[in-house]
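Coordinates in review
Here's the letter readout for the chains.
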Amino acid sequence: MTFFVIAILIGFIFINYSANHIPKTGRSADARGEIIEAVITNRAKSADRSAVMRLVHNNRKFHVKMKPTEAHLWIKGDTVRIILSENGKNYRVLFGEYFRENEARIREYALSMLEKRVNVNFIAAKLSKYTKESFEAIKASKLESQRIFTFVTLMGILDIYTVVTGVAGAVFLFWCAKKTPSFGDLIVPLLIIVVLIWMLYNTNETCKGIIKKAESETKA
């Protein structure tokens, strides 16, 4: 049992390191040669983790991994400038420049995602009290594109957390009714449920905070 727990811990550390490790590809400090424009070929899937932007120019593929604090929403099909090194092998993707220059367009794209993906009848909307009026408030607010993208991401996560917590709770109650476990047997399942509830609560509070900020800005 001890070996199993250690193996899980090591696996968790390795996965966490891999997810947050930022390679130097696309960040070459000696890139001072030709400047090209490459087309983004993938979509930004989530606002809460590292992201890899993939690009192509004349059939040559490029990519750059960004930290969660660096990554923003981007639009597939847009072009991003890339500086090549003198030998053409290494390169630097100017993703920060792209985000700054296209913030207004990206914000509109984020709003379209919000309108399409977050339904006022979903569980997350009910918990966070997100309504059609909330959407209009966010649209009229000064919230930046990444904040809106974060809200879309968290609302999806909130739906998942709610379902998982509900299923876990139902299974736990069914198990208790059938097996009548001892107190020692209850500790781990209860801890898991408590953690799920805590994650659900924090995610919901963050979503409610974003809605409240947007509504306060529009009322000012």
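Residues numbered from 1 in each chain as written. Predicted model: local features only at pLDDT ≥ 70, side-chain atom pairs only at ≥ 80, totals over all residues. Heavy atoms only, no water.

Moving on: the pattern of salt bridges. Two side chains with opposite charge may pair up if their charged atoms get near one another. Applying the stated rule across the entire model yields eight salt bridges. For Glu 97, the salt bridge identified is with Arg 81, shortest N-O distance 2.6 Å. Taken as a pair, Glu 97 in helix α2 (residues 95–101) and Arg 81 in strand β4 (residues 79–84) lie far apart in primary sequence, 16 residues in all. For Arg 81, the salt bridge identified is with Glu 101, shortest N-O distance 2.9 Å. Taken together, the residues Arg 81 in strand β4 and Glu 101 in helix α2 connect sequence positions 20 residues apart. Of the residues examined, Arg 81 reaches a relative accessible area of 29% and is grouped as partly exposed. Through salt bridges with shared partners, a single ionic network connects Glu 37, Arg 81, Glu 97 and Glu 101. (Salt bridge = Lys/Arg side-chain N within 4 Å of Asp/Glu carboxyl O. Helix = DSSP H or I, 4+ residues; strand = E, 2+ residues; numbered from the N terminus. Buried < 20%, exposed > 50% of the residue type's maximum accessible area, 1.4 Å probe, protein only.)

Put simply, the chain has an average pLDDT of 88, and 90% of its residues get 70 or more. The low-confidence segment residues 1–6, where pLDDT is below 50, has zero contacts with residues more than four positions distant or belonging to other chains. (pLDDT = per-residue confidence, 0-100. Contact = heavy atoms within 4.5 Å.)

The subject of this paragraph is the packing of aromatic side chains. Taken as a whole and judged by the stated rule, the model has five aromatic pairs. Ring geometry for Tyr 130 and Phe 151: centres 5.6 Å apart, planes at 50°, overall tilted. Taken together, the positions of Tyr 130 in the loop between α4 (123–128) and α5 (132–140) and Phe 151 in helix α6 (residues 145–179) put the pair 21 residues apart, joining distant regions of the chain. For the pair shown, Tyr 130 and Phe 151 are each scored as buried. Through a chain of ring-to-ring contacts, the aromatic side chains of Phe 95, Tyr 98 and Phe 99 assemble into a single cluster. (Phe/Tyr/Trp six-rings, centres within 6.5 Å; stacked < 30°, edge-to-face > 60°.)

This part covers the pairing of strand β3 (residues 60–66). Inspection of the sheet shows strand β2 (residues 51–57) paired to β3 by seven bridges, in the antiparallel sense. By the bridge assignment for β3, Met 53 is matched with Val 64. Where β2 hands over to β3, the hairpin turn is made up of two residues, of which Asn 58 adopts a positive phi near 50°. (Pairing = 2+ DSSP bridges.)

Further remarks concern the sheet that holds β3. Read from one edge to the other, the open sheet built from five strands follows the order β3-β2-β1-β4-β5, with strand pairing classed as antiparallel. The open sheet is flanked by β3 and β5 (91–93), the only strands paired with a single partner. With direction set aside, neighbouring strand axes in the sheet form an average angle of 40°. Sheet analysis places strand β1 (residues 35–40) next to β2, joined by two bridges and oriented antiparallel. In the sheet register, Val 39 faces β2, and the bridge partner there is Val 56. (Axes fitted to C-alpha atoms, helices over the stretch in contact; angles between N-to-C directions.)

For a regular strand, the rule is simple: side chains alternate between the two faces of the sheet. Bridge count between β1 and β4: five bridges; the pairing is antiparallel. Bridged to Ala 38 within β4 is Val 80. Bridge count for β4 against β5 is three bridges, and the pairing is antiparallel. Each residue of the ladder has a partner; that of Ile 82, found in β5, is Val 93. Once β4 ends, the chain turns through six residues before running back antiparallel as β5, passing Gly 88 with a positive phi of about 80°.

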